[in-house]
Amino acid sequence: EVVLARAAMSWLGRELRTLPKQNTSPIVFHDSPAEPSHARRIRSTRPEAWDSAAHDARLSSWVDLLPYARARVDSIHGHGLKVLATEGTGFTWRDRNPGGDESQAWLDQAQDKGPAVRQPALERGLRYNADDTRAASAVRTWLRSRA
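One structure accompanies this document, and this report is about it. The structure displayed is predicted, hence computed values, not measured ones. (Residues numbered from 1 in each chain as written. Predicted model: local features only at pLDDT ≥ 70, side-chain atom pairs only at ≥ 80, totals over all residues. Heavy atoms only, no water.)

### Thoughts on empty space enclosed by the protein
Right, on to step 1. In total, this model carries one cavity of 30 Å³ or more according to the counting rule given.
Right, on to step 2. Roughly 60 Å³ of internal volume is contained in the largest cavity.
Right, on to step 3. Considering the residues around the largest cavity, the lining is formed by Asp-31, Leu-65, Leu-66, Ala-69, His-79, Gly-80, Leu-81, Leu-84, Val-139 and Leu-143.
Right, on to step 4. At the level of elements, helix 4 (65-72), helix 5 (81-89) and helix 7 (115-146) are the ones that each hand at least two residues to the lining of the largest cavity.
Right, on to step 5. Sort the elements by how many residues they give to the lining of the largest cavity and helix 4 lands first, with three residues.
Right, on to step 6. Tallied by class, residues from the lining of the largest cavity come to seven nonpolar, two polar and one charged. (1 Å grid on protein atoms, 1.4 Å probe; cavity = no way out; pocket = protein on both sides within 12 Å on 5 of 7 lines; lining within 4 Å. Points joined across faces, edges and corners; volume = space filled by probe spheres on them. Helix = DSSP H or I, 4+ residues; strand = E, 2+ residues; numbered from the N terminus. Nonpolar A, V, L, I, M, F, W, Y, C, P; charged D, E, K, R; others polar.)

### Focus on the packing of helix 5 against helix 7
Right, on to step 1. Helix 7 packs onto helix 5 with a crossing angle of 60° between their chain directions and a minimal axis gap of 9 Å. Taken together, the axes of helix 5 and helix 7 are oblique relative to one another. Both helix 5 and helix 7 take part in a crossing whose hand is left-handed. Where helix 5 approaches helix 7, its residues Leu-81, Lys-82, Leu-84, Ala-85, Gly-88 and Thr-89 are matched on the opposing element by Tyr-128, Asp-132, Ala-135, Ala-136, Ala-138, Val-139 and Trp-142.
Right, on to step 2. Its residues assigned to classes, the contact of helix 5 with helix 7 comprises nine nonpolar, two polar and two charged. (Axes fitted to C-alpha atoms, helices over the stretch in contact; angles between N-to-C directions. Parallel < 35°, antiparallel > 145°, perpendicular 65-115°, else oblique. Left-handed = near helix turned anticlockwise from the far one by under 90°. Contact = heavy atoms within 4.5 Å.)

### Concerning the nonpolar core
Right, on to step 1. Residues Leu-81, Leu-84, Ala-85, Trp-93, Ala-135, Val-139 and Leu-143 are the most contacted members of the largest nonpolar core, which totals 16 residues.
Right, on to step 2. Taken together, the elements giving at least two residues each to this core come down to helix 5, helix 6 (100-112) and helix 7.
Right, on to step 3. Among the elements that make up this core, the one with the highest residue count is helix 7 (seven residues).
Right, on to step 4. If near-sequence neighbours (up to four positions away) are discounted, Leu-81 is found in contact with Asp-31, Trp-93, Asp-132, Ala-135, Ala-136 and Val-139.
Right, on to step 5. In terms of nonpolar packing, the next biggest core, distinct from the first, is built from six residues, Met-9, Leu-16, Val-28 and Trp-62 among them. (Core = buried A, V, L, I, M, F, W, Y, C linked by side-chain atoms within 4.5 Å. Buried < 20%, exposed > 50% of the residue type's maximum accessible area, 1.4 Å probe, protein only.)

### Here's the deal with the environment of Val-83
Right, on to step 1. Among the secondary structure elements, Val-83 is positioned in helix 5.
Right, on to step 2. When its relative accessible area of 22% is taken as the criterion, Val-83 is described as partly exposed.
Right, on to step 3. Not counting residues within four places of it along the chain, the set of residues in contact with Val-83 comprises Ser-75, His-77, Gly-78 and Gly-88.

Rendered as C-alpha cells:
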C-alpha cells in the first residue's frame, strides 16, 4: 500500500510541478469518499509516501464526484462509477467483469501467487484501474454537460 501510495503521490507531485505557478489551484477528482480517507490515513502513518508537491494539493481541494452525480442524475440503479459511466457516457471497461471485489481478488493474486498467476493478475488490475480513471474523467465531462 505504501509503495503504491508513494508512486501515486510522486506522479501527482511531478504533474503539479509542470503547472504554471500563477493562478493555479490544483483539484483532484475522485468518485467516492474512500480515496481521500485512505490518503489521509497513509499520509498520517507514513509521511514519506507523500510527495511534497502532492502535499500542496491539499486533501480539502479533492472533489468527490458522487455528490454532484446524486444532485444531477435521477437513477434507480444508483450513482456508482460503473452505472454512471456505462449508462450515462457509454464508457466500457476492457475487462469483461470489472468491479471492486474482482480488483481485490486480482490484487491478492498479484501478491500471493507464483509468477504465472502474479503477472496476469497485476496487468489485469492495472488495466482495470486505468479504465476506472478514464471512466471517472468521462463521468466528470458528462456531469459538466448536465449542469
